[in-house]
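These are the residues of each chain, in order.
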Amino acid sequence: LDKYFLNYHIDKSVVSNYIQVYSILSVMIISIVSLDKIYENNYFKIKKANGNTAKITKKYAILFLVINIFFIAISLIVNKLMNDKYNQIIILILLTSGIPFFINQLLVKRIFYYNKVKVLTINTTITMSIVISLNVIYVNQRFGVFAAALITLISYFLLMILNAIY
């Protein structure tokens, strides 16, 4: 969604840099979701057996940390190539989005375990509505790519907070 608004309001060269950085975030999220499927099977087995999922969650968190460090290292290389402070801030904001995304994945497990799928639908709809509104208001010539990156981070944090409240 943010790419659409950026293409409409901002110079194409700036948008292409943003899309390259966003691609790194997408690969990170795909990695997290893929590992999450492995974690999910073990989580539900352990939860049914004894209810203590702390050990596997700790291993999963360490693995996530290693993956996050890997992607941050890649972003540092990209930063050196860009040699532009503005783009470096955008990269940092986007890659920081992986943290609330990961925590949200853990929260979703709990919601699924208690069979409260409607909560996920409501929380996602609320988040989506707010993100669309923020994109319409702030992704323009004045705020541009910075606003798009910040809105991405806000959306992951908001969804994480809504799922944590449940």
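The preceding data block contains the structure.
Residues numbered from 1 in each chain as written. Predicted model: local features only at pLDDT ≥ 70, side-chain atom pairs only at ≥ 80, totals over all residues. Heavy atoms only, no water.

Attention shifts here to the overall build of the protein chain. Tallying secondary structure elements over the protein chain gives 7 helices and 0 strands in all. Across the protein chain, helices and strands are ordered from the amino to the carboxyl terminus as α-α-α-α-α-α-α. A total of 166 residues make up the protein chain; the buried ones form 41% of that total. The long-range fraction of contacts in the protein chain, counting pairs at least 24 apart against all pairs at least 6 apart in sequence, stands at 77%. As presented, the protein chain carries roughly 9,700 Å² of accessible surface, and 68% of it is formed by carbon and sulfur atoms. (Helix = DSSP H or I, 4+ residues; strand = E, 2+ residues; numbered from the N terminus. Buried < 20%, exposed > 50% of the residue type's maximum accessible area, 1.4 Å probe, protein only. Contact = heavy atoms within 4.5 Å. Areas by Shrake-Rupley, 256 points an atom, 1.4 Å probe, with all protein chains shown as cover.)

Look at helix α5 (residues 98-113) against helix α6 (residues 117-138): their axes get within 7 Å of each other, and the N-to-C directions meet at 140 degrees. It follows that α5 is oblique to α6 by the angle criterion. On α6, the residues touching V108, I111 and F112 of α5 are V117, V119 and L120. Counted by class, the contact of α5 with α6 contains 6 nonpolar, no polar and no charged residues. (Axes fitted to C-alpha atoms, helices over the stretch in contact; angles between N-to-C directions. Parallel < 35°, antiparallel > 145°, perpendicular 65-115°, else oblique. Nonpolar A, V, L, I, M, F, W, Y, C, P; charged D, E, K, R; others polar.)

Turning our eyes to something else, we now look at a nonpolar patch on the surface. Judged by side-chain polarity, M128, I132, V136, I137, Y138 and F143 come together as a nonpolar surface patch covering roughly 530 Å² of accessible area. Mapping M128 onto the fold places it in helix α6. (Patch = residues over 30% accessible without salt bridge, like charges linked within 9 Å, V, L, I, M, F, W, Y side chains within 5 Å. Salt bridge = Lys/Arg side-chain N within 4 Å of Asp/Glu carboxyl O.)

The subject of this paragraph is the layout of surface pockets. Where empty space is left becomes clear once a probe the size of a water molecule has been rolled over the atoms. The calculated volume of the largest pocket comes to roughly 440 Å³. The set of elements that each furnish at least two residues to the lining of the largest pocket consists of α5, α6 and α7 (144-165). By residue number, the principal contributor to the lining of the largest pocket is α7, which donates 7 residues. Split into classes, the residues belonging to the lining of the largest pocket amount to 11 nonpolar, 8 polar and 1 charged. The calculated volume of the second largest pocket comes to roughly 190 Å³. Surrounding the second largest pocket, L35, I38, Y39, N42, I46, N52, K55, I56, K59, Y60 and L63 form its lining. Elements with a minimum of two residues in the lining of the second largest pocket: α2 (12-49) and α3 (54-82). Its residues assigned to classes, the lining of the second largest pocket shows 7 nonpolar, 2 polar and 2 charged. (1 Å grid on protein atoms, 1.4 Å probe; cavity = no way out; pocket = protein on both sides within 12 Å on 5 of 7 lines; lining within 4 Å. Points joined across faces, edges and corners; volume = space filled by probe spheres on them.)

Another point: the nonpolar core. Formed by 32 residues in total, the largest nonpolar core has its most connected members in Y18, L25, M28, I32, I90, L94 and A149. Those elements that provide at least two residues to this core are α2, α3, α4 (85-96), α5, α6 and α7. Looking at this core, the element that brings in the most residues is α2, giving 10 residues. The contact partners of L94, leaving out residues within four places of it in the chain, are Y18, V21, Y22, L25, A149 and T152. (Core = buried A, V, L, I, M, F, W, Y, C linked by side-chain atoms within 4.5 Å.)

This part covers the packing of aromatic side chains. Taken as a whole and assessed by the stated rule, the structure comprises 1 aromatic pair. Between F101 and Y156, the aromatic rings sit 5.5 Å apart at their centres with planes inclined by 80 degrees, giving edge-to-face as the arrangement. Highlighted residues: F101 in helix α5 and Y156 in helix α7, separated in sequence by 55 residues. Exposure remark for F101: the relative accessible area of 11% places this residue in the buried category. (Phe/Tyr/Trp six-rings, centres within 6.5 Å; stacked < 30°, edge-to-face > 60°.)

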